[in-house]
Amino acid sequence: MPDVTSRKYLIPIAGITLGLYVCGLSSQYKLTPDSSEYVGTAESLVEGHGLEFNHVRGSKFPPLFALSMAGVTGLLGQDEVPILLMKLLQTVLAVLLAVGTWRLAGKFVSANLARLTGLLVLTNITVFQHTVYILSDMLYACLTIWSILLLEESQTEGKGKWIGGLLLASLAWLTRSVGLTLAGAIFMWSLTSTRTKSGWRKYALAALMPVFVALPWLWWRLSFPTGGLGYMEYWMEITGQKTLAGILVNRLSEMVPILLMRITQIVLNIESRQFHWYFQIPVLIVILTGYAVSWQKKPRLLSWYLLLYMTVMSVWFDQGTRFYLPVLPGLLIFAVLGLDALRLKLTALSEIRKEIFTVLGLLVMCLPLWAGIFSGGRMAPMELVRTGGIYCLPALVVLVLMLSNRIARISRSVIRQIAVLGFLGLYVLIQWGYTGTYALLEHRVLRNREPMLMGYQRYYQMGLWLKEHRDIPAPVLCRYSSIVHLVSGQITCQPQLTALGNYQMFQSGQAKSLMVLRQPELAGPNYGIDLEIDLIQQLLDAYGDNFRMISLPDNERTYLVYEYAGK
């Protein structure tokens, strides 16, 4: 059986994967609220208006990603952000992320397993998805992993890498505000590391490093303050709690199950919204095993970062696997380390105990398959993939081989290699199937549905409609206002979470009209549609006397437009 962790197998897999990345490239721009603000801010910079979006100075997102887009656009002498080139740069960042993971993994596991871990990052669906979106996640993840790598290497290779690591950490924080967790991890690591200076100098260095990392972010916040609800006010609104303790309990109860599901999803490389508990628990055990092994040896910067980042995610809100992309390298490193540690533990057991534990583990992995068989239900192929049940198949093969190895005289080393080949091959094939299908849809070779990841199209349509109706008084109150503004060019306002908050925006003159879809089903389902309709309906129910509908020709009344007429 071949050693699938050797270069002669991993390099062709990486080559095919990158070929599929390139095949998926196109100039199509897939709108999201965040990407609209990034692109709009970059265009404002190129046009010489400075850091501005929606006619408001500054941006609610740290500016490095928008600045990088503006730099690329300026170098090319274009007026609009070159979408195809930005996607190509995101692909380059994906390669750098995989290389950084490979090098960092080498500090935790053997050289072969380190190369394998880098490949797992490159062949991960979440990584590919964020090369086709114009979002800052890939840049942030890449800066973070290389910052951690340089700081780890600075312990043995001199001050140059120490300074470089801190600079990259500063740029990471200037890309995403969650870079605060990286600065906190650097602080804790410098306090606990055995290689830093002792005495008062250790504490002084530990305090100075996060301050140095924070300086660019502080410059941005102080230079471009943004208004709106703060985080505490936002959590109070959505949780109904008025104390910090109440908010934390509410968020933990909601997010911990989602956190476990997202970790399982990104580690098993499956696009899903639901996983069986018997996949979540084994995945968590493997990762925690690797984490504990690393922690026992000495506190590592990656360990501190993963701990702080996941703590924040456990009280945040769910925005899909994109929020777990920055810790994907760490999750996979600890998963590989955990699997290797469990393998060594099994090797130390007697033959009979080793077989018992292995068979029990395989039986647990086959649970979804048994459940489907004994319930009499039929599981469609795509459903089998999306729920993680696809991993039952190699588990079942290995289980049968283990139970029959005495009869068939199959050696245990061959069975072990078949297991590695089966699970790794499945991981890679899932990604190849996803990226290949995406490329075919993106280039209209397959026409059974719109290309994946299109999203938010009704707001794009709303912006086009508003662009043709310049008589509609602006600003406009609407959900996902950044998309509407980017497409229409008109000033728009994001609604508040209460009817009173929205009404006060009209009273203060911030908003002058609001738009709502007359037949929202015409635009297809979309996340947040019910909430938007509820918000506007609450506003009209409470303060409807102060609004009047603007008359439009019947054939154009896809959208209902209300003008504020109060005093």
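The structure presented is a predicted model; accordingly, all values stated were derived computationally and were not measured.

A.B. asks: A description of the overall build of the chain should follow, citing residues and the corresponding values.
C.D. replies: Of regular secondary structure, the chain possesses 24 helices and 7 strands. For the chain, with 567 residues in total, the buried portion stands at 51%. When the accessible area of the chain is evaluated, it comes to approximately 26,700 Å², of which 63% is carbon and sulfur surface.

A.B. asks: I'd love a proper account of the state of the cysteines, names of residues and values included.
C.D. replies: Linking two cysteines covalently through their sulfur atoms gives a disulfide. Applying the stated criterion to the full structure yields 0 disulfides. Cys478 forms no disulfide, and the closest cysteine sulfur to it belongs to Cys493, at a distance of 8.4 Å.

A.B. asks: Describe in detail unusual backbone geometry, supporting the description with residues and values.
C.D. replies: With a phi angle near 65°, His55 is a residue other than glycine that sits in the positive phi range. Looking at where His55 falls in the secondary structure, it is placed in the loop between β1 (52–53) and β2 (56–57). Residue His55 is classed as exposed on the basis of its relative accessible area of 52%. Its identity is not glycine, yet Asn269 carries a phi of approximately 65°, on the positive side. Note on placement: Asn269 falls in the loop between α12 (244–268) and α13 (277–297). Accessibility expressed as a relative area gives 1% for Asn269, which makes it buried.

A.B. asks: Just give me the short version of the environment of Leu20, but keep the residues and values in it.
C.D. replies: Relative to the assigned elements, Leu20 resides in helix α1 (residues 7–23). Residues Leu20 and Gly433 lie 413 residues apart in sequence; the distance between their C-alpha atoms is 9.6 Å. Contacts of Leu20, omitting those with residues within four sequence positions, involve Trp432, Thr435 and Gly436.

A.B. asks: Before we move on, can you summarise the pattern of salt bridges with the specific residues and values?
C.D. replies: Counted under the stated rule, the structure contains 13 salt bridges. The partner of Arg322 in a salt bridge is Asp34, and the shortest N-O contact between them spans 3.1 Å. You can see Arg322 sitting in the loop between α14 (301–313) and α15 (328–348) and its partner Asp34 sitting in helix α2 (residues 33–46), a full 288 residues away along the chain. Asp34 carries the same exposure label as Arg322, and that label is buried. One network of salt bridges, in which partners are shared, links Asp34, Asp137, Arg176 and Arg322.

A.B. asks: How would you explain the pairing of strand β7 (residues 559–564) if you had to name every residue and give the values?
C.D. replies: Counting buried residues in β7 gives 5 out of 6 residues, a clear majority hidden from the surface. Looking at chain direction, strand β5 (residues 513–517) and β7 are connected through 5 bridges and run antiparallel. Looking at β7, one finds that Met515 is bridged to Val561.

A.B. asks: Which residues make up the sheet that holds β7, and what values go with them?
C.D. replies: Strands sit in the order β4-β3-β5-β7-β6 across an open sheet of 5 strands; the sheet is mixed. Where the open sheet ends on each side, the last strands, each with one partner, are β4 (492–493) and β6 (547–549). Sheet strands in contact with helix α21 (residues 457–468) are β3 (476–477), β5 and β7, and its direction is about 60° off that of β7.

A.B. asks: Which residues make up the pairing of β5, and what values do they have?
C.D. replies: The buried count for β5 comes to 5 of 5 residues, which makes it a mostly enclosed element. Here β5 shows a buried face lined by Ser513, Met515 and Leu517 and a second buried face lined by Leu514 and Val516. Looking at chain direction, β3 and β5 are connected through 2 bridges and run parallel. By the bridge assignment for β5, Val476 is matched with Ser513.

A.B. asks: Describe in detail the confidence of the model for the chain, supporting the description with residues and values.
C.D. replies: Across the chain, the average pLDDT comes to 83, with 87% of residues at 70 or higher. The lowest-confidence element of the chain is helix α17 (residues 367–375), averaging 61 in pLDDT; the highest-confidence one is helix α4 (residues 83–105), averaging 95. Here residues 522–528 is a poorly scored stretch, pLDDT under 50, and it has 11 contacts once near neighbours within four places are set aside; other chains count.

A.B. asks: Could you give an account of the environment of Val211, naming the residues involved and the relevant values?
C.D. replies: Take Val211: it is sitting in helix α10 (residues 200–223). Classification of Val211 by relative accessible area gives partly exposed; the value is 47%. For the pair Val211 and Gly184, spaced 27 residues apart in sequence, the C-alpha to C-alpha distance is 10.0 Å.

A.B. asks: Hey, could you go over the nonpolar core for me, with residue numbers and the actual values?
C.D. replies: Grouped together as the largest cluster of nonpolar side chains are 113 residues, with contacts concentrated most on Val127, Ile186, Tyr324, Leu331 and Tyr391. Here the element with the most residues in this core is helix α7 (residues 137–157); it accounts for 11 residues. Residues within four places of Tyr324 in sequence aside, it is in contact with Met255, Leu259, Arg262, Ile266, Met310 and Met313. Counting residues in hydrophobic clusters, the runner-up holds 18 residues, among them Tyr456, Met462, Leu466 and Val476.

Definitions and cut-offs
Residues numbered from 1 in each chain as written. Predicted model: local features only at pLDDT ≥ 70, side-chain atom pairs only at ≥ 80, totals over all residues. Heavy atoms only, no water. Helix = DSSP H or I, 4+ residues; strand = E, 2+ residues; numbered from the N terminus. Buried < 20%, exposed > 50% of the residue type's maximum accessible area, 1.4 Å probe, protein only. Areas by Shrake-Rupley, 256 points an atom, 1.4 Å probe, with all protein chains shown as cover. Disulfide = S-S within 2.5 Å. Contact = heavy atoms within 4.5 Å. Salt bridge = Lys/Arg side-chain N within 4 Å of Asp/Glu carboxyl O. Pairing = 2+ DSSP bridges. Axes fitted to C-alpha atoms, helices over the stretch in contact; angles between N-to-C directions. pLDDT = per-residue confidence, 0-100. Core = buried A, V, L, I, M, F, W, Y, C linked by side-chain atoms within 4.5 Å.

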